[in-house]
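# Results of the structural survey
This is what each chain is made of:
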Amino acid sequence: MSEDKSQNQNDDTNSTGESANGVDEVTRLSAELDKSKKDYLYLLAEFDNYRRNSIKERSDLTKYGSERFIREFLDLFDNFERALDVEVNDDNYADFREGISLNVVELRALLHRFGVEEIKAAGLPFDPNKHEALTGEPSDDIPVGHVVKVFKKAYKMYDKLIRPAQVTVAVAPTKN
């Protein structure tokens, strides 16, 4: 019988010990779960803030992205307005024309600084990717399918076409 009592005491201790360990484990896991939930909610809030900031940055970039260009362009615009204030006569016509020419050169340089370049078209083969044909013109001098006249120049920004050239294309002359 004394053996049964000691056996029962060992069983109670084991079950009590395991039970205490189980409660400790549940408490630990519960605390870990709470921490994970808090971390998740924190990261969710951080991501939401990041998303909102990204949307705002994109919106601001779209809205104010051309600010640097406009600031530099305004100096040129002022020059053109001053040119309009000048009363042009025979004595100052050459100077006026030279001033306008200098402004055009400066404007081309400004466009170049911002990655905008003219695409040559006159005399080249018609390319529907770069040119918009407005009409055809019979020509003996320029081969058929080549650009005869340019109404509006084509421009690209870096590698992207931003405006096609509006052109007249050479067609075979009609024989009477």
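Residues numbered from 1 in each chain as written. Predicted model: local features only at pLDDT ≥ 70, side-chain atom pairs only at ≥ 80, totals over all residues. Heavy atoms only, no water.

## A word on the pattern of salt bridges
Overall, the coordinates contain 11 salt bridges when judged by the stated rule. Taking the shortest distance from any N to any O, the salt bridge between Glu-25 and Arg-28 comes out at 2.6 Å. Taken together, the residues Glu-25 and Arg-28, both in helix 1 (residues 2-64) and three residues apart, mark about one turn of the helix. Since its relative accessible area comes to 35%, Glu-25 is described here as partly exposed. The closest approach of N and O atoms between Arg-52 and Asp-48, which form a salt bridge, is 2.4 Å. With Arg-52 and Asp-48 both in helix 1 and four residues apart, the pair spans about one turn of that helix. Connected through shared salt-bridge partners, Glu-25, Arg-28 and Glu-32 make up one network. (Salt bridge = Lys/Arg side-chain N within 4 Å of Asp/Glu carboxyl O. Helix = DSSP H or I, 4+ residues; strand = E, 2+ residues; numbered from the N terminus. Buried < 20%, exposed > 50% of the residue type's maximum accessible area, 1.4 Å probe, protein only.)

## Observations concerning the packing of aromatic side chains
Enumeration according to the criterion identifies four aromatic pairs in this entry. With centroids separated by 5.1 Å and ring planes inclined at 90°, the aromatic side chains of Phe-69 and Phe-114 adopt a geometry described as edge-to-face. With Phe-69 in helix 2 (residues 67-85) and Phe-114 in the loop between helix 3 (93-113) and strand 1 (116-119), the pair connects residues that are 45 residues apart, well separated along the chain. Owing to a relative accessible area of 23%, Phe-69 belongs among the partly exposed residues under this scheme. (Phe/Tyr/Trp six-rings, centres within 6.5 Å; stacked < 30°, edge-to-face > 60°.)

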